[in-house]
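Secondary and tertiary structure notes
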2 protein chains.
Amino acid sequence: MTSALAYAEANFDKFVAQLEDLLRIPSISTDPKYAPDVRRAAEWVVADLLDAGIKHAELCETDGHPIVYAEHIVSSDLPTVLVYGHYDVQPPDPIDLWDSPPFEPVIRNGDLYARGSCDDKGQVFMHLKSLESYLQTGTELPCNIKMLIEGEEESGSVNLVPFINANKERLSADVAVISDTAMFAEGVPSITTGLRGMAYVQVELTGPNRDLHSGVYGGAIENPINALARLISKLHDKDHHITVPGFYDGAQLMTEAELVEYKKLPFDETAFLKSVDVASARTDGGISIHQAITAHPTLDVNGIWGGYQGAGAKTVLPSIAGAKISMRLVPGQDPDAIVDKLRDWFVSNTPPTMKLKFENLHGGKPVLVDTDQPAMQAAADAMEQVTGKKPLFSREGGSIPVVADFKDLLGLDTVLMGFGLNSDAIHSPNEKFGLDRFRMGIGTIIRFLDLYASRNRN
Amino acid sequence: MTSALAYAEANFDKFVAQLEDLLRIPSISTDPKYAPDVRRAAEWVVADLLDAGIKHAELCETDGHPIVYAEHIVSSDLPTVLVYGHYDVQPPDPIDLWDSPPFEPVIRNGDLYARGSCDDKGQVFMHLKSLESYLQTGTELPCNIKMLIEGEEESGSVNLVPFINANKERLSADVAVISDTAMFAEGVPSITTGLRGMAYVQVELTGPNRDLHSGVYGGAIENPINALARLISKLHDKDHHITVPGFYDGAQLMTEAELVEYKKLPFDETAFLKSVDVASARTDGGISIHQAITAHPTLDVNGIWGGYQGAGAKTVLPSIAGAKISMRLVPGQDPDAIVDKLRDWFVSNTPPTMKLKFENLHGGKPVLVDTDQPAMQAAADAMEQVTGKKPLFSREGGSIPVVADFKDLLGLDTVLMGFGLNSDAIHSPNEKFGLDRFRMGIGTIIRFLDLYASRNRN
């Protein structure tokens, strides 16, 4: 392990340069016109795995973007770690808010700026480089490794579950490890123990069969934008409580006891609001911000459109208005059941003046991780060895549906060992990843594999 | 006059071909990138006026798009008619809903399809060709003619009032004539006696200072799209009554007596709804559709935007959401006062989580025309001679602010002699103008000038 750690230190600059190459590929999975770039990124990852010395790495076709699968089996006596990550990225828009082009990586003040630098190319790359550090120093890996790196995480992972189902044997392992989450705060190492699930739909209202002149028809023909706004506004009550019937049914909201523990975490509400320049929070019934963003369900409109959006004025009464709406879910809420409830709500609330089109775009189940699993302790110890601090256990508001899929389909627990920060602006302009954290992650993973293997020989 | 009518008949196909040339110029005034085309259209009109035999025609610079001014003074004994029209057009989007390219005119079933074919290139062109029909047959015009053809009607006419103020002497006349309105229905000749005014604003809400990950911030940071939807929905109550305080103050809504007369007009509500494929109307307090779209104030959202509008899903909590909102006004409502009331409403209703940006894009005063003016009778008689039917007097829902400006600044009454149809889809995809109405308009204008002049010598 010592030589692996030394190799990682000695080759850190090379690692960063390689990551920059990967970040230059605009692997935007949600927009079909980037499909060739997505494939290029997958091929790049396979090549890097083979260069690192991994015994087997291949590009697996799906109905959508390819999945990268790799494995390095040392011995059946050793435990097997399944590493999951994704090489696809979010769209960069609004493009004009980036200080430097999203796919031309640059380092400023020790941070690497590029779309995907943190989510998730930078974090999954820490695993590749950890394995390389072992293998390129003639050191065998301390445990068996399998890697599943998909290209559709940012577009719903529609082909992931079919792939897992078709490859259960191949993917069998003792534990899964994912680095796609954030630390609690700068200098506060932490391991994520809970994730919100997600339901994502698109709603479209059609009023008149064509765009109309607002002077000739306005006042009698209902405007789909006004109608859509009315529907959206009805989805929350004045206390910001979601009004869809049955939405909270079965939701495992935080218990009083959990809240007591949770309130001990060093969460700075003022700094949180200041970081996004917002005067005050708006939470469901006034619960704490930290609870609201990590352990409570939400409903957000992620996009809206209709009518004329260009310069100046156009007096149009539009035919169509649409919106993308997503809900973050907590354990006990099923994405499909929630979508059905929302669909029923829209069907019964859409006025007779409008035609409704409702699409379920994708969803993911929420998860709570078992904090007593052995790999969790190994991860905590590895992190403490690197940072000198005991990591906190905390929940995160984002969604990584595969964690629930691994549990359901492969019976695997997952360790969420993330090195991002909320300030890394993932899904936003100027996404970045701190090179100090990139270094910390590699060191932690090298140690984790060693600690976990030594304590869990079969 | 007889030879003029004969010339118009003989040269009708040439007139149509010339109009097609004008329609090929994309003179979209609201979008700065079309400025060169707007100018090209102005120059085309000047050239056509001079070819027609008009004594003087020139392109007048403004701070925006140029104004075309022309005059043909025969004798101080004769009355002077000021013709107003506009050579600019609305943007064609949504472009994909056009059956043929908006700036490549085609004739189908006797209708000429192109952006601007009816609004207003086709209608103003009827005047040019009427004058040509007199002058190219060696017949002097029966009265003095002045023409004011602007290029900013579809973008708020911001430079028109300054031009009128600077040229009051030059523009002095006995009556104004505008062909930029619709007939009551196919085969039902009519003259418009009232127009709604307009107030048009743009509203933008900024929540967080950048786009955020909805999983990391959702539930605590208010979403500007949700907030904007809530504000828009509050602008109408459940009876579709506008809630902005003082909005209806002073509005000259239809009196019981007027309504009795109005209800006699042959307005087919079923056909109206069927023509736009809408199941039912939604009017202020349930008033009749005809009253609602012509003689009652309205509030419509003409455009809305925010977040991700591309393919697939993006889990963004956007920084900004915006909307374009316009109000149609009736006599007694002042555009600036209405905008102030709406601004106050937004200022006091915007939540503390949002920053508000409110812009007044443009406005226009509503008008009621004096139906007893002599030119009105001449227009009615001319129309009856051409169509064989007595024209109806009716109000229209659209806005032509210059009518109020002519009254206020030049003391001129206006005759609204329009040959469009609501089914001409102005401001919509597949805008068209019936060639039969183009012919009818030219014949009517030739007769109108003769009738009006013979009855109103100074």
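Here we summarise the structure given alongside this text. Worth saying up front: this structure is predicted, and the values here are computed from it rather than measured.

How each quantity is defined
- Starting afresh in each chain, residues are numbered from 1 along the sequence in its written order.
- For this description, chains carry letters from A and ligands carry numbers from 1, given in the order in which they are written.
- Residue-level local features of this predicted model are given only where pLDDT is at least 70; pairs of side-chain atoms are given and counted only at 80 or more, and the full residue set underlies all totals for whole chains, interfaces and linings.
- Think of the side-chain values as coming from all heavy atoms in the structure, minus any hydrogens and water.
- Least squares is used to superpose the copies, and the fit set is the C-alpha atoms of residues whose pLDDT is at least 70 in both copies.
- Put simply, DSSP H or I for four residues or longer makes a helix, DSSP E for two residues or longer makes a strand, and each gets a number counted from the N terminus.
- Remark: exposure states derive from per-residue accessible area (1.4 Å probe, protein chains only) relative to the maximum for the residue type, with buried under 20%, exposed over 50%, and partly exposed in between.
- Working rule for contacts: check all heavy atoms of both residues, and any pair within 4.5 Å makes them a contact.
- Accessible area that two parts lose when put together, evaluated with a 1.4 Å probe and summed over both, is termed the buried area.
- In what follows, salt bridge is the name for a side-chain nitrogen of Lys or Arg lying within 4 Å of a carboxyl oxygen of Asp or Glu.
- Polar contacts, as used here, are pairs of N or O atoms within 3.5 Å; protein pairs need one atom able to donate a hydrogen and one able to accept it. Residues neighboring in sequence count only if both atoms are side-chain atoms.
- One bridge is not enough; two strands pair if DSSP finds at least two bridges between them.

This next bit is on the relation of the copies chain B and chain A. Between chain B and chain A, which share one sequence, the superposing operator has a rotation angle of 180° and an axial displacement of 0.0 Å; the RMSD is 0.0 Å. Expressed as a symmetry operation, the mapping of one chain copy onto the other fits a two-fold axis.

This part is about unusual backbone geometry. The omega angle of the peptide bond from Asp93 of chain A to Pro94 of chain A is 0°, so this bond is cis rather than trans. Along the chain, Pro94 of chain A turns up in the loop between β3 (80-86) and β4 (106-108). For Ala425 of chain A, which is not a glycine, the phi torsion comes out positive at approximately 55°. When its relative accessible area of 5% is taken as the criterion, Ala425 of chain A is described as buried. Despite not being glycine, Asn430 of chain B shows a phi value in the positive range, around 60°. Inspection of the secondary structure puts Asn430 of chain B in the loop between β17 (414-416) and β18 (432-434). Given a relative accessible area of 17%, Asn430 of chain B falls into the buried group.

Below, the discussion takes up the interface of chain B and chain A. Frequently, the measure chosen for interface size is the accessible area removed from exposure when the parts meet. The interface of chain B with chain A comprises 86 residues on the first partner and 86 residues on the second. Contact with chain A buries surface across chain B, with Arg282, Ile304 and Lys314 of chain B losing the most and accounting together for 8% of the total. In this structure, the connection of chain B to chain A is made through four salt bridges. Linking Asp277 of chain A and Lys355 of chain B is a salt bridge whose minimum nitrogen-to-oxygen distance equals 3.4 Å. Between chain B and chain A we count 50 residue pairs in polar contact (both at pLDDT 80 or more) in total. With ten residues, strand β11 (residues 298-307) of chain B is the single largest residue contributor to the side of chain B that touches chain A. Pairing of strand β11 (residues 298-307) of chain A with β11 of chain B involves five bridges; the strand directions are antiparallel. Within β11 of chain B, the residue paired with Gly307 of chain A across the bridge is Gly303 of chain B.

What follows is about the environment of Glu20 of chain B. Residues and elements named next belong to chain B. Positionally, Glu20 belongs in helix α2 (residues 12-23). Exposure remark for Glu20: the relative accessible area of 15% places this residue in the buried category. Counting along the chain gives 374 residues from Glu20 to Ser394, while the straight-line C-alpha distance between them is 31 Å. If sequence neighbours within four positions are ignored, Glu20 has contacts with Pro105, Ile107 and Leu112.

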